[in-house]
Amino acid sequence: MEMKLSYKSVEAHFLNLRLAGYYQIDLRSGSIYRSLHRFYMGFVLSLMLVYTMQQALKVYEVRENLGHVMGTMFLFLTHTDAIYKQILLWAQQNDIEDLLDTMKGPSYNQGKKEHNYYLLKTIRVAKLLLFCNNGLAVATCFLWFVYPIYLHIKGIQLDFTIWLPFDENQDPYFYITAVYSWITTTWLAIGNTTMDAMVSTLLAQAKTQLHILGYNLSTIVDECKEDNGNTSDNVSALLHQRFKSILRHHEEIVRFTKNIENIFGSVLAYQFLIGGWIICTSVYRLVDIEIVSTEGFSMVTYIICMLFELFIYCYFGSEVTQASIELTDDAYSMNWLDIPVKNRKELIIFMERIKRPIRVMAGRIVPLSNDTFVSIVKSSYSFYALLRSTNE
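Definitions and limits used
Residues numbered from 1 in each chain as written. Predicted model: local features only at pLDDT ≥ 70, side-chain atom pairs only at ≥ 80, totals over all residues. Heavy atoms only, no water. Helix = DSSP H or I, 4+ residues; strand = E, 2+ residues; numbered from the N terminus. Buried < 20%, exposed > 50% of the residue type's maximum accessible area, 1.4 Å probe, protein only. Polar contact = N/O pair within 3.5 Å; in protein donor to acceptor, adjacent residues only side chain to side chain. Salt bridge = Lys/Arg side-chain N within 4 Å of Asp/Glu carboxyl O. Axes fitted to C-alpha atoms, helices over the stretch in contact; angles between N-to-C directions. Contact = heavy atoms within 4.5 Å. Nonpolar A, V, L, I, M, F, W, Y, C, P; charged D, E, K, R; others polar. 1 Å grid on protein atoms, 1.4 Å probe; cavity = no way out; pocket = protein on both sides within 12 Å on 5 of 7 lines; lining within 4 Å. Points joined across faces, edges and corners; volume = space filled by probe spheres on them. Phe/Tyr/Trp six-rings, centres within 6.5 Å; stacked < 30°, edge-to-face > 60°. Core = buried A, V, L, I, M, F, W, Y, C linked by side-chain atoms within 4.5 Å. Patch = residues over 30% accessible without salt bridge, like charges linked within 9 Å, V, L, I, M, F, W, Y side chains within 5 Å. Areas by Shrake-Rupley, 256 points an atom, 1.4 Å probe, with all protein chains shown as cover.

What follows concerns the environment of His79. Position of His79 relative to the elements: it lies in helix 3 (residues 66-91). Take His79: its relative accessible area is 4%, and that puts it in the buried class. Between the C-alpha atoms of His79 and Phe142, which are 63 residues apart in sequence, the distance is 17 Å. At 2.9 Å, the side chain of His79 forms a polar contact with the side chain of Gln55.

Okay, here's the thing in structure tokens:
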């Protein structure tokens, strides 16, 4: 069986999402298995909705205390973002399958050994993104689980960030609540960070395909000569066919990135919108606790996790744009002086097509770029300064 290296970059991500109940199982599975898995997905979504509603009730309950509100708000906003993504994966599963079919298709897996360097590098980057994202999330949630137990053993009264109809500081209610919060937040965190890594990997794959396209373009003349023994007529005919293949590949990449934007653009816009508030409320809470402590360390890892999630979207979106701009340089670097005159028109037409770079947008307004990440961080600081001055 031929290995689809392009699809392999997101294989682990979708395995995680299926195990966590965030995405459907293989459509080729039996109808009973699909029905059971859909029931499992519905149960997971219901659990996350109930937990987030408990957080919303908690925010209302402590609305008079700004510090307590900030202590709950950053998790509440994070969980609404995760649920939005979860609903989106359910609603857009057919369009997402179309993306996966493209990654399994011949355009993205041309079988040339020269392409393996780009594809294998993307696989390594994708695994690293997934490991770092999931690792930070799990570590943070574990610290949030351990620290309350430590305080409870010392006899300190605690206030969980969810509304509860009983006194959570009484045994065994405390331990039931601690385990419930730990399991739910960890589940949400793994699903949320996996989705972030998955979308970022899709963008990374688009960048990789643009690099492969640039390589094919820069070597097209030399490869045609090698295949046809410098016979001008044969070279011209083969150039025509390969130009058509390059054009189809470029169209596939443009369609692929546009589909990513159409499917995930709204949720990315929401994440950028609340990202500044999440970081702001997290820092607001951090300055009021001891950094050299379990609670302080957990907040630092959470903030790093949130910054990392926003950064990888902006970084890979910027990389896609940069790779599309570099296609023009690849066209110039080819041996275009040896191209027959009738084929030069095809090259000129292609160069005109690639003059407009590919820009992936969030909500059709905000570009995924490094400048956007810097703007979010600046906005977070502005929100934080406003909250501190208001509180004072």
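For the rest of this paragraph, the subject is the pattern of salt bridges. Considering all chains together, one arrives at twelve salt bridges under this definition. Residue Lys8 pairs with Glu11 through a salt bridge whose shortest N-O separation is 3.8 Å. A residue pair is termed a helical-turn pair when its members lie 3 or 4 positions apart in one helix, as Lys8 and Glu11 do in helix 1 (residues 5-19) at three residues. Lys8 sits in the partly exposed class, given a relative accessible area of 32%. Among the ionic pairs, Asp196 bridges to Lys85, the shortest N-O distance being 2.4 Å. Taken together, the residues span a long stretch of sequence, with Asp196 in helix 6 (residues 173-218) and Lys85 in helix 3 at a distance of 111 residues. An identical accessibility class is assigned to Asp196 and Lys85; each is buried. Within the structure, one salt-bridge network assembled from shared partners comprises Lys58, Glu61 and Asp159.

On to the packing of helix 1 against helix 4 (residues 93-104). What describes two packed helices is the angle between their axes and the distance between those same axes. For the pair helix 1 and helix 4, the least separation of the axes is 9 Å and the interaxial angle reads 145 degrees. Where helix 1 approaches helix 4, its residues Ser6, Tyr7, Ser9, Val10, Phe14 and Arg18 are matched on the opposing element by Ile96, Glu97, Leu100, Met103 and Lys104. For the contact of helix 1 with helix 4, a count of residues per class yields six nonpolar, two polar and three charged.

What follows concerns the layout of surface pockets. Reported here for the largest pocket is a volume of approximately 720 Å³. As for the largest pocket, its lining consists of 31 residues, of which Asp159, Phe160, Thr161, Arg285 and Glu295 are closest to the centre. If you list the elements that add at least two residues to the lining of the largest pocket, you get helix 2 (31-61), helix 3, helix 5 (116-153), helix 6, helix 8 (232-286) and helix 9 (294-325). Of all the elements, helix 5 adds the most residues to the lining of the largest pocket, at seven residues. In terms of residue class, the lining of the largest pocket is built from 17 nonpolar, nine polar and five charged.

Aromatic ring pairs are defined here through the distance separating the ring centres and the angle between the ring planes. In the structure shown here, the tally under the stated rule is 15 aromatic pairs. With a centroid separation of 4.4 Å and 15 degrees between ring planes, the pair formed by Phe145 and Trp182 is classed as stacked. One end of the pair, Phe145, is in helix 5; the other, Trp182, is in helix 6, and 37 residues separate them in sequence. When its relative accessible area of 16% is taken as the criterion, Phe145 is described as buried. Cluster of aromatic residues (ring-pair linked, three or more members): Phe311, Tyr315, Phe316 and Phe373.

Core analysis: the largest hydrophobic core is formed by 92 residues, its most contacted members being Tyr22, Leu89, Leu202 and Phe264. Sorting elements by how many residues they give to this core places helix 8 first, with 18 residues. Leaving out residues up to four positions away in the same chain, Phe264 has contacts with Leu88, Leu89, Ile96, Leu99, Met198, Val199 and Leu202. Phe160, Leu164, Phe174 and Ala178 belong to the second-largest nonpolar core, a separate cluster that totals ten residues.

Turning our eyes to something else, we now look at empty space enclosed by the protein. For the structure on display, the rule yields two cavities of 30 Å³ or more. Quantified by volume, the largest cavity comes out at close to 170 Å³. Those elements that place two or more of their residues in the lining of the largest cavity are helix 3, helix 5, helix 6 and helix 9. Ranked by residue count, the leading element in the lining of the largest cavity is helix 6, at five residues. Within the lining of the largest cavity, the residues separate by chemical class into ten nonpolar, six polar and one charged.

Here the focus is unusual backbone geometry. Going from Asp171 to Pro172, the amide bond is cis rather than trans, its omega being 0 degrees. Within the secondary structure, Pro172 is located in the loop between helix 5 and helix 6. At Arg364, a position not held by glycine, the phi torsion is positive, near 60 degrees. Structurally, Arg364 can be placed in the loop between strand 1 (361-362) and strand 2 (366-367).

On the surface, Phe142, Val146, Val179, Trp182 and Ile183 cluster together into a nonpolar patch covering about 390 Å² of accessible area. Among the secondary structure elements, those contributing two or more residues to the nonpolar patch are helix 5 and helix 6. With three residues, helix 6 is the largest single contributor of residues to the nonpolar patch. In this fold, Ile183 is placed in helix 6. Given a relative accessible area of 44%, Ile183 falls into the partly exposed group.

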